[in-house]
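A look at the structure
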Amino acid sequence: MKLTRWQRLRSRAFLFAIGVRRRLTLGARAVLLEGRTVLLVRQTYYPGWHFPGGGVEPGETAEAAAAREAMEETGYTTMGRPQFYGLFLNRSEISNRDHVAVFVWRNFTSQREFAPNLEIAECGWFPVDDLPADTEPGTAQRVREIFERLPVPAEWLQ
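Notes on the structure in this doc start here. Just so we're clear, the structure is a prediction, and the values are computed from it rather than from any experiment.

This part takes up the nonpolar core. Val31, Val38, Leu40, Phe51, Val102 and Leu131 are the most contacted members of the largest nonpolar core, which has 18 residues in total. Those elements that provide at least two residues to this core are strand S1 (25–34), strand S2 (37–43), strand S6 (83–89), strand S7 (98–105) and helix H3 (137–148). Aside from chain neighbours lying at most four places away, what touches valine 38 is Val31, Leu32, Leu33, Phe51, Gly124, Trp125, Phe126, Val128, Leu131 and Val143. With 15 residues, the next largest nonpolar core counts Ala28, Leu32, Val56 and Ala62 among its residues.

This is the structure:
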């Protein structure tokens, strides 16, 4: 169905107003697994180790955002369709409207060597049974759930 110019303008204004009022954000995380090791990054602006990821851009799918962020942050290009792992509400002292879509890839290839930058300080592979002590709690919980086949919760931290 084709919208008139007025309908497009009105729809955009309505969606903008709803977006400002609700302030919902959507992020995506990429879980790259090789056997029993997982790829994690340490950001320069937030403590701990995390899955590569970031915000979903307008017009971008959450899956595409996770793949893009994995490449940008680690140098690994994902291959094929991932397993959709879950959509989590990520409550924090900053927001209670952040949602995170998590995708798992077991097929990927290194496109370039990682180099620290303004956003990502470190990138590394870690055994799932020996994650760094300062791994972000939700990240550590996702790793346990995936490998121990535990139920997937609705919220990032339980």
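Alright, that's what it looks like, and here's the rest.
Counted residue by residue, S7 has six buried out of eight residues, so it is predominantly covered. With eight bridges connecting them, S1 and S7 associate as parallel partners. Bridged to glycine 27 within S7 is valine 100. Pairing analysis gives six bridges linking S6 to S7, with the strands arranged antiparallel. Along S7, the bridge assignment pairs phenylalanine 88 with valine 100.

The rules we used
Residues numbered from 1 in each chain as written. Predicted model: local features only at pLDDT ≥ 70, side-chain atom pairs only at ≥ 80, totals over all residues. Heavy atoms only, no water. Core = buried A, V, L, I, M, F, W, Y, C linked by side-chain atoms within 4.5 Å. Buried < 20%, exposed > 50% of the residue type's maximum accessible area, 1.4 Å probe, protein only. Helix = DSSP H or I, 4+ residues; strand = E, 2+ residues; numbered from the N terminus. Contact = heavy atoms within 4.5 Å. Pairing = 2+ DSSP bridges.

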